[in-house]
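Coordinate analysis (summary)
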Amino acid sequence: MRTSHYDNIRIAGLSVCLPEQTREVDSYVQVFGKENIAKFKKMTGVNSVSRALPEQTASDLGIEASKNLLEKLDVDKSKIKIVVFVSQKPNFRLPSSAYFIHNHLDLNSDCVCFDINLACSGFIYGLNTVAGMLQSYDIESKALLVTADTSIKSLAPNDRTMSMLFGDSGSACLLSKTYEAPEINFAFKSDGYRFKSIITPAGAYRNMGKPLERVKWSDDILRSDYDTHMKGMEVFGFSISDVPALAKEFLQYLDKTPEDYELFALHQANKYILKQFSRKMNVPIGKIHLVLDRYGNNSSNSIPLVLADIYGESQNDATPNVFMSGFGAGLSWACAEAVINKKIILEIVKSNRTYE
Amino acid sequence: MSCKLEYIEIEALSFCIPDTSSGKAVKEQTASDLAFQAALKILETDNIVPEEIGAIIFLSSTPDYRSPATAMVLQKRLELSLDLIAFDVNSSGNAFNQGIQIGHSLLNSSNSRYVLILYGETPSKRIYFDDKESKSLRDYGAAILIGGSESGKSMQLDFFTNSKSWDAILVKGGGYKNAKPQGEELPYSNLNDPGTLHLDKNRVEDFQIQAFKNLGVLSKIKTPGIHFISNFNVKLLNELTSNSLTEEFLKSELSNEYAGATPQIQLQDLINTSKEHKLNLLSINYGEGLLASCLSFEIKSNILNFSLKSNLAYLEGDISHDL
């Protein structure tokens, strides 16, 4: 288990932006049939998913979340030295969308920007990366971590296991370097030996020039190599065994138990997987907050969405201890624990605004 | 404002180019294939135990897949431990300096002995307009192994960003801005487009001048005994500073056709030819974003230092349909 630890980083703000529209799972009845829809809803717990407009990008949602955060929390933008954008849905191959975000937020020139390509584990990896980078900057320096995805845009339309599952959203998380702050701890694992488990086979520089036409795969679903494919059983096995195993090891390492946490903010893979996590970790199901029923699986943005959904309207400045876990493509998974002031988590905003 | 990278030492450098007269990778070969060969050479030579590597990052604008991160594929190919932080960073022109900054943060904040920074580009796989400079860009892969050090001199790093010119170096395609529906309904993407490099020469040159001034390069290069490694257009800067740049700085313009890896090539050449026990360096990079960075650091001249050629490709990565 790879670990890291910080005692001088404060999570100073969190804002989430959803697109204005959702799509009801029931609206797919014409495509997949009543029986399949019922089975899907029972297994995953997803009733509707948040859905970006075709012209709306992940960075648009990230910018809206960031603007809300900077304005509502009255952030001194000159202190922001790092902008990291975690997404699998960037604007272009080059440059990183982080520069596009930096431009629209009108940030200072002494600021470094880049994109990280990670999926559902991305929020925790991103948090650790910016917290680590802030160590080399002066006290009061700040970093903006933006996570956003519009997963639907790489899914085959008749892939019932995927297209009804994923939702779109963006978030912005502000970190600040201070003299003293409550501990933030992390644990990481990566398993590239299973890199084919969730993959978009074509569309970058391996497998170039593959045809766009969709053909029937062995599971009877029409796909091209530009569509994302998930080996369901393999990923399911990973989610209910490797993920809780790391969480257990992490708790042992910290000498803590589930009782030490008010909330388990987990990646919203599906309801069954979250139930298994609860059972294997002896975490009361009430401590695992669900958003997937209304917004679906939001990839790297699942954890911020959970936090904003449960604490976003809170007016008090209680500081619960929160356990987080993100897991997905790579395979890549991670856990973190942090004390977060409820007051800095903003109410969710909705927007369809696009940026040029 | 500078950031200070402490307790870090560069322990090995390795560089790999295609074994072709054109400098272009062979058809199946990707940037990660070249970076893989560069990394493998370090790991084999230094007998590093996989468990000692705590993180691997891959910096590139030409990754293997849109998802997952190519760092994961490299983890498998290099047979690294599962106790690993692994991800890709989209960075090209500033990959050398940015890689060291990110690698430093992962090394110092985690229980890792080493961090492996890999980067690479295959510009030959893109479509070019009639821009001579971008057409001459060559394919490469590079590896840097960093480790902890209590005694090493800290590194100093400054950045200058002008994101108002974010589109001055732009590779359209391969993303989701202005995406088109693929097929009847979804998905919306430009993934099937390998991308065309658009380079606005005037804006990029203006930026280099701005960055040169803003980063205080002119005063830094007057430090006695300092060596320069850079992908800047040095001739242009010399003209602008009324030919006031030192001879040492002018020599740094060796071969800009390796874009973001130019500083590493220059550094490896310096190590090969230097008689100094330690080298003091100033690495000045610029690239897309637009971003420029200035890193001052010290390096021992007896570190592992490899230059390789390879045409090997990872055929297992050519996957399709039923996987």
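Scroll up for the structure.
So, here's what we can say about the structure. The structure displayed is predicted, hence computed values, not measured ones.

**Some remarks on the overall build of chain B**
A count of helices and strands for chain B gives nine helices and 16 strands. The C-alpha radius of gyration computed for chain B amounts to 19 Å, which stays within 12% of the reference 20 Å derived for 323 residues, consistent with globular compactness. The principal-axis extents of the C-alpha atoms in chain B amount to approximately 65 × 50 × 40 Å. Counting the 323 residues in chain B, one finds 62% classified as buried. Contacts spanning at least 24 positions in sequence make up 77% of the contacts within chain B whose residues lie at least 6 apart. Total accessible area computed for chain B in this model is approximately 12,000 Å², and 46% of it derives from carbon and sulfur atoms. Across chain B, the centroid of the 29 positively charged side chains sits 6 Å from that of the 40 negatively charged ones.

**Remarks on the interface of chain B and chain A**
The interface of chain B with chain A comprises 92 residues on the first partner and 85 residues on the second. Surface buried jointly by chain B and chain A totals about 8,100 Å² across both partners, of which 57% is contributed by carbon and sulfur atoms. One can count seven salt bridges joining chain B with chain A. Where B:D64 meets A:R206, a salt bridge forms, and the shortest distance between an N and an O atom there is 3.0 Å. Summed over the shared surface of chain B and chain A, the number is 45 residue pairs in polar contact (both at pLDDT 80 or more). Here the element with the most residues in the side of chain B that touches chain A is helix 3 (residues 95-109) of chain B; it accounts for seven residues. Across three bridges, the pairing between strand 6 (residues 112-117) of chain A and strand 4 (residues 85-90) of chain B is antiparallel. Looking across to strand 4 of chain B, one finds that A:N117 is bridged to B:D88.

**Some words on the sheet that holds strand 1 (residues 2-6) of chain A**
Residue and element names in this part refer to chain A. Ordered in space as 1-9-16-15-14, the five strands form an open sheet in which the pairing is mixed. Two strands lie at the open edges of the sheet, namely strand 1 and strand 14 (263-266), each paired on one side alone. Here the strands of the sheet are splayed against their neighbours by 15° on average, with no regard to which way each runs. Sheet strands in contact with helix 5 (residues 122-134) are strand 1, strand 9 (184-190), strand 15 (321-328) and strand 16 (332-339), and its direction is about 125° off that of strand 9.

**Quick look at the packing of helix 7 (residues 232-254) of chain A against helix 8 (residues 271-281) of chain A**
Residues and elements named next belong to chain A. Direction vectors running N to C along helix 7 and helix 8 enclose 35°, while the axes themselves pass 10 Å from each other. In the crossing of helix 7 with helix 8, the sense of the turn from one axis to the other is right-handed. Contact with helix 7, carried on its side by F236, S239, I240, S241, V243, P244, A247, K248 and L251, involves Y272, I273, Q276, F277, K280 and M281 of helix 8 and no other residues of that element. For the contact of helix 7 with helix 8, a count of residues per class yields ten nonpolar, three polar and two charged.

Parameters and conventions
- Residues numbered from 1 in each chain as written.
- Chains lettered and ligands numbered in written order.
- Predicted model: local features only at pLDDT ≥ 70, side-chain atom pairs only at ≥ 80, totals over all residues.
- Heavy atoms only, no water.
- Helix = DSSP H or I, 4+ residues; strand = E, 2+ residues; numbered from the N terminus.
- Rg over C-alpha atoms; globule rule 2.2 N^0.38 Å.
- Buried < 20%, exposed > 50% of the residue type's maximum accessible area, 1.4 Å probe, protein only.
- Contact = heavy atoms within 4.5 Å.
- Areas by Shrake-Rupley, 256 points an atom, 1.4 Å probe, with all protein chains shown as cover.
- Lys, Arg positive; Asp, Glu negative; His and termini not counted.
- Charge placed at Lys NZ, Arg CZ, Asp CG, Glu CD.
- Buried area = accessible area lost by both parts, 1.4 Å probe.
- Salt bridge = Lys/Arg side-chain N within 4 Å of Asp/Glu carboxyl O.
- Polar contact = N/O pair within 3.5 Å; in protein donor to acceptor, adjacent residues only side chain to side chain.
- Pairing = 2+ DSSP bridges.
- Axes fitted to C-alpha atoms, helices over the stretch in contact; angles between N-to-C directions.
- Left-handed = near helix turned anticlockwise from the far one by under 90°.
- Nonpolar A, V, L, I, M, F, W, Y, C, P; charged D, E, K, R; others polar.

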